[in-house]
Amino acid sequence: MVGIGILGYGTIGSGVFEVINTNKESIAKRAGEPIEVKRICDLRDFPGDPAEKLITHDFKDIVNDPEISIVVETMGGTKPAYDFVKSALLAGKSVATSNKELVAKYGPELIEIAKEHNENFLFEASVGGGIPIIRPLNQAITADEILEIKGILNGTTNYILTKMARQGSDYHASLKEAQELGYAERNPEADVEGYDTCRKIAILTSLAYGMQVDYEDIYTEGITKISVEDMAYAKALDASIKLLGESRRADNGVVYARVAPALVSAHSPLFSVNDVFNAIFVKGNVLDDVMFYGRGAGKLPTASAVVSDVIDEVKHKGVHIMIQWSASKLTLGDIKDAKGEYFVRVPADKKDAAIAAFPNLSEVKSDKVKNEFAFITDTMTEGEYADRAKDLGVLNMIRSNL
């Protein structure tokens, strides 16, 4: 019997408890022995809940319990999660977490502590919810050199953009609908400004190149400026607009990373990833292209990924699972030097100036938009685009993946 302690009994923590109890027989077979939740630490009480008698308000009841060998952290944030997880690892307990903030900021340190104690710090659920991506990057694609990672990593923003495209509604109306359905928080800033996606692409990039990528260094832009006009042009181009987190290694070896809305072609597998679904596209130098798709959030999908890590830790009791992610910092390339194409909207009276600034542009027309001139540039650096566009009164710019 393996004893489990859960930190945080919110959406994901309660989901972990439910998954372990619902599938206890099949989980025991896969793990090699039964798994039981012994204690749950939360500041609240849960009268009438199936876990009511397991609740404690003191973390020490978990870290000091010799019958608990694995700790599940689903609290979110870095304080007190970091202190609790570090204490658990130092006490000789493995940890499984869904906490992207914790992993993005302290991943290398916590992995190293786990290694020193022959324990494990696993975090499959921190990126993509129920989509398996961490384990494939760490185990299944290790023969490849990763050239590019690109994905729709946030269900809230993808739902909003899908509604805007399908219903013709504006950003604010679509956000309100997402909030009413529980897909967006009352304060949606972390999602709509791209911060959630930023932390996730930081984790994936760190794993892809084996070095620490600080999410603060990643250029990040959200979806709040996307308009009904942008959607109309996208439809005219037979494209969709997605918030993409992406990192790419250029031919000179420099790694560029960013989070920003992008036009996605109907020929791309990311085009049809809609609503709250997520997808992660990986390009390797040998494997070429592979994509992981599924529900990127939600109680049970995310909990399932956490429990998969728990099973892995039971199977590797006393054996550290190697994760190539050092604390050495990977210096990202200046985003101004990253090359791409850009969809640009300017007032109609700026048409001649736009053509002069971008002589190789391709005009984009939509019957639903008046008094504007829209176009897609040829390939150039972000810095060059900014210099050429500075006097055009740009209404909006979206990166093009067409």
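Reading the values: rules and limits
- Residues numbered from 1 in each chain as written.
- Predicted model: local features only at pLDDT ≥ 70, side-chain atom pairs only at ≥ 80, totals over all residues.
- Heavy atoms only, no water.
- Helix = DSSP H or I, 4+ residues; strand = E, 2+ residues; numbered from the N terminus.
- Rg over C-alpha atoms; globule rule 2.2 N^0.38 Å.
- Buried < 20%, exposed > 50% of the residue type's maximum accessible area, 1.4 Å probe, protein only.
- Contact = heavy atoms within 4.5 Å.
- Areas by Shrake-Rupley, 256 points an atom, 1.4 Å probe, with all protein chains shown as cover.
- Lys, Arg positive; Asp, Glu negative; His and termini not counted.
- Charge placed at Lys NZ, Arg CZ, Asp CG, Glu CD.
- Expected span 1.5 Å × (residues − 1).
- Polar contact = N/O pair within 3.5 Å; in protein donor to acceptor, adjacent residues only side chain to side chain.
- Pairing = 2+ DSSP bridges.
- Salt bridge = Lys/Arg side-chain N within 4 Å of Asp/Glu carboxyl O.
- Axes fitted to C-alpha atoms, helices over the stretch in contact; angles between N-to-C directions.
- Parallel < 35°, antiparallel > 145°, perpendicular 65-115°, else oblique.
- Left-handed = near helix turned anticlockwise from the far one by under 90°.
- Nonpolar A, V, L, I, M, F, W, Y, C, P; charged D, E, K, R; others polar.
- Arc of directions from axis to C-beta.
- Core = buried A, V, L, I, M, F, W, Y, C linked by side-chain atoms within 4.5 Å.
- Phe/Tyr/Trp six-rings, centres within 6.5 Å; stacked < 30°, edge-to-face > 60°.

Draft legend 1. Up close: the overall build of the protein. A tally of helices and strands in the protein yields 14 helices and 19 strands. Radius of gyration (C-alpha) of the protein: 23 Å, near the 21 Å computed for a compact globule of 402 residues. Projected onto its principal axes, the C-alpha positions of the protein cover 75 × 45 × 35 Å. With 402 residues in all, the protein has 55% of them scored as buried. Of all intrachain contacts in the protein linking residues separated by at least 6 positions in sequence, the fraction that spans at least 24 positions is 74%. About 17800 Å² of surface is accessible on the protein, with carbon and sulfur atoms providing 47% of the total. Here the protein carries 45 positive and 59 negative side-chain charges, and the mean point of each set is 2 Å from the other.

Draft legend 2. Inspection of helix 7 (residues 155–167) at higher detail. Compared with an ideal rise of 1.5 Å per residue, which puts 13 residues at 18 Å, helix 7 spans 18 Å between its outermost C-alpha atoms and is within 8% of the ideal. Here helix 7 has its buried residues at Gly155, Thr156, Thr157, Asn158, Tyr159, Ile160, Leu161, Thr162, Lys163 and Met164. Looking at the buried positions of helix 7, the neighbouring elements they touch are strand 7 (146–152), helix 8 (171–180), helix 9 (189–192), helix 11 (228–236), strand 10 (239–249) and strand 12 (277–284). N-capping of helix 7 is provided by Asn154, with a side-chain oxygen placed 3.1 Å from the backbone N of Thr156. Of the residues flanking the end of helix 7, it is Gly168, one or two places downstream, whose phi is positive at about 75°.

Draft legend 3. Geometry of the pairing of strand 11 (residues 255–265). Taken across its 11 residues, strand 11 has 11 buried, putting it largely inside the fold. Alternating positions in strand 11 separate into two faces, Val255, Ala257, Val259, Pro261, Leu263 and Ser265 on one and Tyr256, Arg258, Ala260, Ala262 and Val264 on the other, with burial throughout. For strand 9 (residues 219–220) and strand 11, the ladder comprises 2 bridges, and the chain directions are parallel. Each bridged residue has a counterpart across the sheet, and for Thr220 the counterpart in strand 11 is Val259. Pairing of strand 10 with strand 11 involves 11 bridges; the strand directions are antiparallel. If you follow Gly245 over to strand 11, its bridge partner there is Val259.

Draft legend 4. Representation of the environment of Ile201 in the model. If you trace the backbone, Ile201 turns up in helix 10 (residues 195–209). Assessed through its relative accessible area of 0%, Ile201 is described here as buried. It is 16 Å that separates the C-alpha atoms of Ile201 and Leu270, two residues lying 69 residues apart in sequence. Each residue touching Ile201, except ones within four places of it in the same chain, is listed here: Ile149, Leu153, Ile218, Gly245, Glu246, Ser247 and Val259.

Draft legend 5. Highlighting the pattern of salt bridges. Taken as a whole, this structure holds 26 salt bridges when the rule is applied. Among the salt bridges present, the one from Lys317 reaches Glu33, with a minimum N-O distance of 2.9 Å. Here the residue Lys317 occupies a position in the loop between helix 12 (299–315) and strand 14 (326–329), and Glu33 occupies one in the loop between helix 2 (24–31) and strand 2 (35–41), the gap between them amounting to 284 residues. Put simply, Glu67 and Lys38 hold a salt bridge, and the shortest N to O gap is 2.9 Å.

Draft legend 6. Inspection of unusual backbone geometry at higher detail. In this chain, Lys79 is followed by Pro80 through a cis amide linkage whose omega measures 5°. Positive phi outside glycine occurs at Asp238, with the angle close to 55°. By the secondary structure assignment, Asp238 is in the loop between helix 11 and strand 10.

Draft legend 7. Expanded view of the packing of helix 7 against helix 8. Packing of helix 7 against helix 8 brings their axes to within 9 Å, and their N-to-C directions diverge by 125°. Classed by the angle they form, the pair helix 7 and helix 8 counts as oblique. Of the two possible hands of crossing, helix 7 and helix 8 adopt the one that is right-handed. Contacts between helix 7 and helix 8 involve Tyr159, Ile160, Lys163, Met164 and Gln167 from the former and Tyr171, Ser174, Leu175, Glu177 and Ala178 from the latter. By residue class, the composition of the contact of helix 7 with helix 8 is 6 nonpolar, 2 polar and 2 charged.

Draft legend 8. Local environment of helix 4 (residues 81–90). All of the buried residues in helix 4 are Ala81, Tyr82, Val85, Ala88 and Leu89. One side of helix 4 holds all its buried residues, which, seen down the axis, span an arc of 135°. Its buried side turned inward, helix 4 meets helix 3 (60–63), strand 4 (68–73), strand 5 (94–97), helix 5 (100–116) and strand 6 (121–122). Gly92 sits one or two positions beyond helix 4 and adopts a positive phi of about 85°.

Draft legend 9. Structural view of the nonpolar core. Membership of the largest hydrophobic core comes to 80 residues, with the highest contact counts inside it found for Leu110, Phe121, Phe123, Ile133, Ile203, Leu204 and Ile218. Not counting residues up to four positions away in its chain, the partners in contact with Leu110 are Tyr82, Val85, Lys86, Leu89, Leu102 and Phe121. Ile6, Ile55, Val307 and Val314 belong to the second-largest nonpolar core, a separate cluster that totals 28 residues.

Draft legend 10. Just the packing of aromatic side chains, in detail. Across all of its chains, the model carries 13 aromatic pairs by this definition. Geometrically, the ring pair formed by Phe123 and Trp325 is edge-to-face, given 5.9 Å between the ring centres and 70° between the ring planes. You can see Phe123 sitting in the loop between strand 6 and helix 6 (134–140) and its partner Trp325 sitting in the loop between helix 12 and strand 14, a full 202 residues away along the chain. With a relative accessible area of 5%, Trp325 lands in the buried category. Summarising the aromatic geometry, the rings of Phe277 and Tyr293 are spaced 5.3 Å apart at their centres and angled 5° between planes, so their arrangement reads as stacked. Note that Phe277 is positioned in strand 12 and Tyr293 in strand 13 (residues 288–295), a separation of 16 residues in sequence. Given the relative accessible area of 22%, Phe277 is considered partly exposed. Taking the relative accessible area as the measure of exposure, Tyr293 reaches 46% and is therefore partly exposed. Site record: aromatic cluster; members linked through ring pairs are Tyr342, Phe358, Phe373, Phe375 and Tyr385.

As far as function goes, none of this settles anything; it's purely spatial.
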